[in-house]
Amino acid sequence: MKLNPTEYTAGLYLRLSKDDYKEGESSSISTQRKMLRAFAKENNFTVYGEYVDDGYSGTNFERPSFKRMIEDIENKKINLVITKDLSRLGRDYITSGKYTEIYFPSKFVRYIAINDGYDSESQYTDIAPFKNLINEMYARDASKKIRSSFNTKMIEGNFISNFAPYGYKKDPENKNHLIPDEESANIVRKIFNMAASGNPPVKIAQYLNYNQILTPSEYRCKKHPHLNIDNYSKYKKWTSSTISKMLKNQIYIGNTSQGKTSKISFKSNLKIIRPKEEWIVVENTHIPIIDKEIFDTVKSHTLRRTYEKKGRFTNIFSGIAKCMDCGKNMSAVSSRKKGAQANLVCGAYKLHGEKKCTNHFIDYDELYNIILKTIRKKTIVNQNDKKELYLKFKNFKVESKIDDYKLNLKSLKKELSNIDQTIQNLYEDKINSIITPERFQKLILKYESKSENISKQIKNISCILKDISQNKNDTIKSYKTFLNQLDKINNIKKLTPEIIFKLIDHIEVGQGTYIKIKNKKVKKQQIKIFFRFSGNNSKNIYCV
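Here's what I pulled together on the structure shown here. (Residues numbered from 1 in each chain as written. Predicted model: local features only at pLDDT ≥ 70, side-chain atom pairs only at ≥ 80, totals over all residues. Heavy atoms only, no water.)

## Brief notes about the overall build of the protein
Argument step 1. A count of helices and strands for the protein gives 16 helices and 19 strands.
Argument step 2. Taken over 544 residues, the protein has a buried fraction of 41%.
Argument step 3. Pairs at least 24 apart in sequence give 63% of the contacts found in the protein among residues at least 6 apart.
Argument step 4. In the form shown here, the protein has an accessible surface area of approximately 32,600 Å², with 50% of it arising from carbon and sulfur atoms. (Helix = DSSP H or I, 4+ residues; strand = E, 2+ residues; numbered from the N terminus. Buried < 20%, exposed > 50% of the residue type's maximum accessible area, 1.4 Å probe, protein only. Contact = heavy atoms within 4.5 Å. Areas by Shrake-Rupley, 256 points an atom, 1.4 Å probe, with all protein chains shown as cover.)

Listed below in structure tokens is the structure:
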């Protein structure tokens, strides 16, 4: 079915991706528009409309304007599509071929790619499949180069994500470097301090929601008004899952961890999660928000979401009680014993049976009573002990860090002073005609930029020193409160998760064995309790 030029209603399709920017103005949207408009006018084609996808990859056909053009083809509004070249239509060999060889002909749509000399009405169209293949090879090569570039940046410790993680912002001087965002950083510190005090993620989330603290997604959209919150968060609430991820994120101790996912193909947006050992982790890439000691304390608790079991039973040893042999968490299971709340068994045994471990069975109430009794003995503190403990906390483990920061601050101030002197000398050299005005302008811009950057570093370090001093005072206050609580613990009648997390690092439960004593079978089982304030000392107890 051959049509005259006047019978064609054309749709002009224009596309530009980030990969095309290096081609310069020749591929710009404005250049494409001029070319397509001139071609349509020269050939007397009526133009129905333009379809522009600016910033969209040619390997993905889920483009808004392209889909709109297809709708107009379906509604018979256009019967001619014109592009600058075949690569504007797409860089996917298979999908591009589907449109040029199958879809357009089936809809009686003529397709013209000007620079490639392609016209579906011409008998010389055999070159199109080869052109599409070359375009795909170009896209594949570009994808490899981009991945290689990103990988190099990650290895060097550069932050490459589009948005800074909650608690940080991108350095205005270097988009691949993070600096603390004090407004959200204070919330991060609050979260870690609550977790270090034994609060599980679910309680931390409840606290933040109660106090109407913006979630990371809401805060991001607040800082970037062009973003739509509905694209990032459905419920707009803090969740225990969000808290758990934050508590595990090394970004808050100054380490950059990237490369956690990868795309299965440059043609697909589907991502796969890479094994942890394949992640790219670079330490000390930016200023930490959280002290590593606090981070490690939170990590040691292996905090996870809490839940209540039937009968309102809550396992207060969750994440604390572990199998002595395989190290897995002890898991609560139902008990047939009358009046018993539950039993604890090795988590690996519960899931996989004897192939992984043995049961390490222990009655929950029995373990509870052992821990309660031992805590009472361990927390007897006399006045001399209190004084010694207080002095240890008074010499909080930040002195060396303070010295490092002060030394760095002194060095930066000296460097700033030298730059100020250099700038002054440059003005004198200009006045005395020692250097040309052009040379002066170039040098003055260089040193003023450097001066501004150093001034920002001085400001950041000053804020850190202030925070360290405040944290030190807060720690001493907290410890005074803790010493006062020790007096109450001596007469404690009930264990709580808060007490467990404050005092105990973890508990190891051994495999029980039965021995005969006076014609009776008696169970013996080793329990090791590792207290947080006893270094690596442990208490061995034999349950009879």
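There's more to say after this.
## Let's talk about the sheet that holds strand E14 (residues 343-346)
Argument step 1. Spatial strand order, E13-E14-E15: three strands in an open sheet with antiparallel pairing. Since the sheet does not close on itself, it has two edges, and those belong to strand E13 (330-333) and strand E15 (362-363), each with one partner.
Argument step 2. Alignment of E13 against E14, held across four bridges, turns out to be antiparallel. If you follow Met330 over to E14, its bridge partner there is Cys346. (Pairing = 2+ DSSP bridges.)

## Description of the packing of aromatic side chains
Argument step 1. In the structure shown here, the tally under the stated rule is 18 aromatic pairs.
Argument step 2. Ring geometry for Phe66 versus Tyr99: centroids 5.1 Å apart, planes at 90 degrees, classification edge-to-face. Pair noted here: Phe66 is in helix H2 (residues 64-74) and Tyr99 is in helix H4 (residues 93-106), with a separation of 33 residues, a long-range link.
Argument step 3. Phe66 gets classed as buried once you look at its relative accessible area, which sits at 1%. (Phe/Tyr/Trp six-rings, centres within 6.5 Å; stacked < 30°, edge-to-face > 60°.)

## Re the sheet that holds strand E4 (residues 110-113)
By definition, the strands of a sheet pair up through backbone hydrogen bonds, in either a parallel or an antiparallel sense.
Argument step 1. Spatial ordering of the open sheet is given by E2-E1-E3-E4-E5, a layout of five strands whose pairing is mixed. Edge positions in the sheet fall to strand E2 (46-54) and strand E5 (118-119), since each of these pairs with one other strand and no more.
Argument step 2. Across the sheet, helix H1 (residues 29-42) touches strand E1 (9-16), E2, strand E3 (80-83) and E4, and the angle it forms with E1 is around 160 degrees.
Argument step 3. In this fold H2 packs onto E1, E2 and E3, with an angle of close to 150 degrees to the strand it touches most, E2. (Axes fitted to C-alpha atoms, helices over the stretch in contact; angles between N-to-C directions.)

## Regarding the pairing of E3
Argument step 1. On E3, burial covers both faces: Leu80 and Ile82 on one face and Val81 and Thr83 on the other are all buried.
Argument step 2. Both E1 and E3 contribute to a ladder of three bridges, which runs parallel. Looking at the pairing, Leu12 lines up with Ile82 of E3.
Argument step 3. Bridge count between E3 and E4: four bridges; the pairing is parallel. Within E4, the residue paired with Ile82 across the bridge is Ile112.

## Here's the deal with the packing of helix H6 (residues 182-196) against helix H10 (residues 292-300)
Argument step 1. The interhelical angle for the contact between H6 and H10, taken along N-to-C directions, is 50 degrees, at an axis separation of 9 Å. Judged by the angle between their axes, H6 and H10 are oblique. Regarding H6 and H10, the two cross each other, and that crossing is left-handed. Contact residues: Phe192, Asn193, Ala195 and Ala196 in H6; Ile294, Phe295, Thr297 and Val298 in H10. (Parallel < 35°, antiparallel > 145°, perpendicular 65-115°, else oblique. Left-handed = near helix turned anticlockwise from the far one by under 90°.)

## Observations regarding the side chain of Thr215
Argument step 1. When you line up the elements, Thr215 lands in the loop between helix H7 (201-210) and helix H8 (216-223).
Argument step 2. Take Thr215: its relative accessible area is 5%, and that puts it in the buried class.
Argument step 3. Not counting residues within four places of it along the chain, the set of residues in contact with Thr215 comprises Lys236, Lys237 and Trp238.

## A word on the side chain of Ser451
Argument step 1. Tracing the sequence through the fold places Ser451 in helix H15 (residues 437-489).
Argument step 2. Judged by its relative accessible area of 13%, Ser451 falls in the buried class.

## What to know about H2
Argument step 1. Residues of H2 that are buried include every one of Ser65, Phe66, Met69, Ile70, Asp72 and Ile73, and no others. Each buried residue of H2 sits inside an arc of 160 degrees when the element is viewed along its axis, so together they form one side.
Argument step 2. Of the residues trailing H2, Lys76 is marked for its positive phi of about 60 degrees. (Arc of directions from axis to C-beta.)

## Quick notes on the nonpolar core
Argument step 1. Residues Phe317, Ile371, Ile504 and Ile507 are the most contacted members of the largest nonpolar core, which totals 32 residues.
Argument step 2. For this core, the secondary-structure elements that each account for two or more residues are strand E12 (321-323), E13, E14, helix H12 (364-378), helix H16 (497-503), strand E16 (504-509) and strand E18 (520-531).
Argument step 3. Every residue in contact with Ile507, bar those within four places of it in the chain, is listed here: Phe317, Ile320, Ala321, Lys322, Leu367, Ile371, Ile527, Lys528 and Ile529.
Argument step 4. Membership of the second largest hydrophobic core comes to 28 residues, among which are Tyr168, Ile191, Ala196 and Leu208. (Core = buried A, V, L, I, M, F, W, Y, C linked by side-chain atoms within 4.5 Å.)

## Some thoughts on the environment of His360
Argument step 1. Within the secondary structure, His360 sits in the loop between helix H11 (347-352) and E15.
Argument step 2. The class for His360 is buried, based on a relative accessible area of 0%.
Argument step 3. C-alpha of His360 to C-alpha of Met330: the two residues are 30 residues apart in sequence and 8.5 Å apart in space.
Argument step 4. Residues within four places of His360 in sequence aside, it is in contact with Cys323, Met324, Asp325, Met330, Leu344, Cys346, Val509, Gly510, Gln511 and Gln525.
Argument step 5. There is a polar contact of 2.6 Å between the side chain of His360 and the side chain of Asp325. (Polar contact = N/O pair within 3.5 Å; in protein donor to acceptor, adjacent residues only side chain to side chain.)

## Remarks on the packing of H6 against helix H9 (residues 240-248)
Argument step 1. Relative orientation of the contacting elements H6 and H9 amounts to 90 degrees, with a least axis distance of 11 Å. What the angle tells us is that H6 and H9 run roughly perpendicular. Residues Val188, Ile191, Phe192 and Ala195 of H6 touch H9, and the partners they reach there are Ile243, Met246 and Leu247.
Argument step 2. Of the residues contributing to the contact of H6 with H9, the split by class is seven nonpolar, no polar and no charged. (Nonpolar A, V, L, I, M, F, W, Y, C, P; charged D, E, K, R; others polar.)

## As for the environment of Arg33
Argument step 1. As for its placement among the helices and strands, Arg33 is situated in helix H1.
Argument step 2. Using a relative accessible area of 32% as the deciding quantity, one classes Arg33 as partly exposed.
Argument step 3. Between the C-alpha atom of Arg33 and that of Lys84, which follows or precedes it by 51 residues, the distance is 8.8 Å.
Argument step 4. Setting aside residues no more than four positions away along its own chain, Arg33 makes contact with Leu14, Glu50 and Val52.
Argument step 5. Within polar-contact distance, the side chain of Arg33 engages the side chain of Glu50 at 2.9 Å.

## Details of the pattern of salt bridges
Side chains that differ in sign of charge can pair as their charged atoms come close.
Argument step 1. All told, the structure shown has 14 salt bridges when counted by the stated rule.
Argument step 2. Across the pair Glu50 and Arg37 runs a salt bridge, and its minimum N-O distance is 3.0 Å. One end of the pair, Glu50, is in strand E2; the other, Arg37, is in helix H1, with 13 residues separating them in the sequence.
Argument step 3. Ionic pairing is found between Lys84 and Asp85, a salt bridge with its closest N-O pair at 3.0 Å. Each member of the pair, Lys84 as well as Asp85, is classed as buried.
Argument step 4. The structure contains a network of salt bridges with shared partners spanning Arg33, Arg37 and Glu50. (Salt bridge = Lys/Arg side-chain N within 4 Å of Asp/Glu carboxyl O.)

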